[in-house]
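# Close look at the chain arrangement
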Amino acid sequence: MFTTIKSFDQIYIDNTKKTLIICDIDDTILTLDVPYDKINNFIKSDIERQLIDKNNKQEIYRRYKEYKTYYKLINRHSYKHTDKTGFQNMEKKIHPESRICFLTARSVKYHVKTIEDLNIIGLEGKKYNINYTENIVTKGEFIKNFMSDEVEEYEDIIFIDDNHNFISSVIAHVPKIRCYKFTIDDYMN
Ligand SMILES: [Mg+2]
């Protein structure tokens with residue numbers, strides 16, 4: 001079971017409980033600041049050229065992600081926060097002994113860059129504990145194997161990610177964690 005959200009404001013916080021929030025980075029807390037109109041135009045012409053079904057949202061979203069990467073490479077666009085207000089509200093709402101940490105599939109060799117990326121979106125990157133799965137294990141396996149002390153220590157644990165497979169792995173390995181799927185759907189706006 002997980003809940004789909006578009007803002008961190010939609011996460012249920014019980015501020016009487018010492019809470020650990022485990023948050024993904026890419027496409028959950030930050031996303032590329034790219035010209036969506038240009039990408040959308042690309043997709044539109046692609047649909048016309050290749051007769052892609054306009055209603056096939058999965059395929060369109062896959063292409064959107066491809067184009068985002070493409071734009072990142074050629075234009076070197078930087079990052080923006082997905083929901084700064086919602087995230088700040090969540091930080092204010094939680095019990096004082098609570099903690100927010102990040103869990104990313106990035107490689108630990110990008111630790112310095114990851115802190116810089118968080119700084120770009122207005123967070124104090126070095127304030128947060130950042131965990132790296134390096135795509136060697138799933139996030140569920142990582143939490144179960146490497147974060148078991150924290151899982152015991154906190155009364156409530158929240159996991160937020162945009163990736164369905166990672167959420168499924170957390171549900172399978174650490175069922176006591178409340179999971180949220182963060183979605184950015186401005187690609188069709
Ligand atoms: Mg992600």
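Note that the structure is predicted; figures quoted are calculated from it, not measured. (Residues numbered from 1 in each chain as written. Predicted model: local features only at pLDDT ≥ 70, side-chain atom pairs only at ≥ 80, totals over all residues.)

Once that is clear, we can look at the sheet that holds strand β1 (residues 2-5). What the six strands build is an open sheet, ordered β1-β8-β7-β2-β5-β6; its pairing is parallel. For this open sheet the edge positions go to β1 and β6 (130-132), each flanked by a neighbour on one side alone. Within this sheet the neighbouring strands show an average axis-to-axis angle of 25 degrees, counted without direction. Docked against the sheet, helix α7 (residues 164-173) engages β1, β7 (156-161) and β8 (178-182), running at close to 180 degrees with respect to β8. (Pairing = 2+ DSSP bridges. Helix = DSSP H or I, 4+ residues; strand = E, 2+ residues; numbered from the N terminus. Axes fitted to C-alpha atoms, helices over the stretch in contact; angles between N-to-C directions. Contact = placed C-beta atoms within 7 Å.)

Okay, the domain arrangement of the protein next. Per the domain assignment, the segments making up the protein are domain 1 (2-31 + 80-188) and domain 2 (36-76). Each of domain 1 and domain 2 has a C-alpha centre, and these two points are 27 Å apart. (Domains from an automatic or database assignment.)

Within β7, six of the six residues are buried, which leaves it mostly tucked inside the rest of the structure. Residues D156, I158 and I160 of β7 are buried on one face, and the alternating residues I157, F159 and D161, pointing to the opposite face, are buried as well. Pairing of strand β2 (residues 19-23) with β7, which is carried by five bridges, proceeds in the parallel orientation. The residue bridging L20 from the neighbouring strand is I157, located in β7. In the sheet, β7 pairs with β8 via four bridges, with the strands oriented parallel. Residue pairing across strands places I158 opposite R178, the latter belonging to β8. Handedness of the β7-α7-β8 crossover: right-handed. (Buried ≥ 20, exposed ≤ 12 C-beta atoms within 10 Å, placed from the backbone. Right-handed = clockwise from strand over helix to strand, strands pointing away.)

In this structure, D27 takes a positive phi of about 65 degrees despite not being glycine. Among the secondary structure elements, D27 is positioned in the loop between β2 and β3 (30-32). The residue N135 is not glycine, and still its phi comes out positive at about 60 degrees. For N135, the location among the structural elements is in the loop between β6 and α5 (139-146). By the C-beta count within 10 Å, which is 10 here, N135 ends up exposed.

Below, the discussion takes up helix α4 (residues 111-120). The α-helix winds at 3.6 residues per turn, so residues separated by three or four positions along the chain end up facing the same way. All of the buried residues along α4 are T114, D117 and L118. Within α4, the buried residues cover an arc of 100 degrees as seen down the axis, which keeps them to one side. In α4, the exposed positions angled more than 90 degrees off the buried face are occupied by V112 and K113. Summarising the contacts, the buried residues of α4 are in contact with β3, β4 (79-81), β5 (99-104) and β6. Positive phi shows up at G122, right after α4, with a value of about 95 degrees. (Arc of directions from axis to C-beta.)

Right, let's talk about the nonpolar core for a bit. Grouped together as the largest cluster of nonpolar side chains are 32 residues, with contacts concentrated most on I22, C23, I157, I158, F159 and V170. Within the residue set of this core, elements represented by two or more residues are β2, α3 (84-93), β5, α5, β7, α7 and β8. Once residues lying within four places of it in the same chain are set aside, the contact partners of F159 are I22, V170, I177 and C179. Grouped together as the second largest cluster of nonpolar side chains are six residues, V34, I39, I60 and Y67 included. (Core = buried A, V, L, I, M, F, W, Y, C linked by C-beta atoms within 7 Å.)

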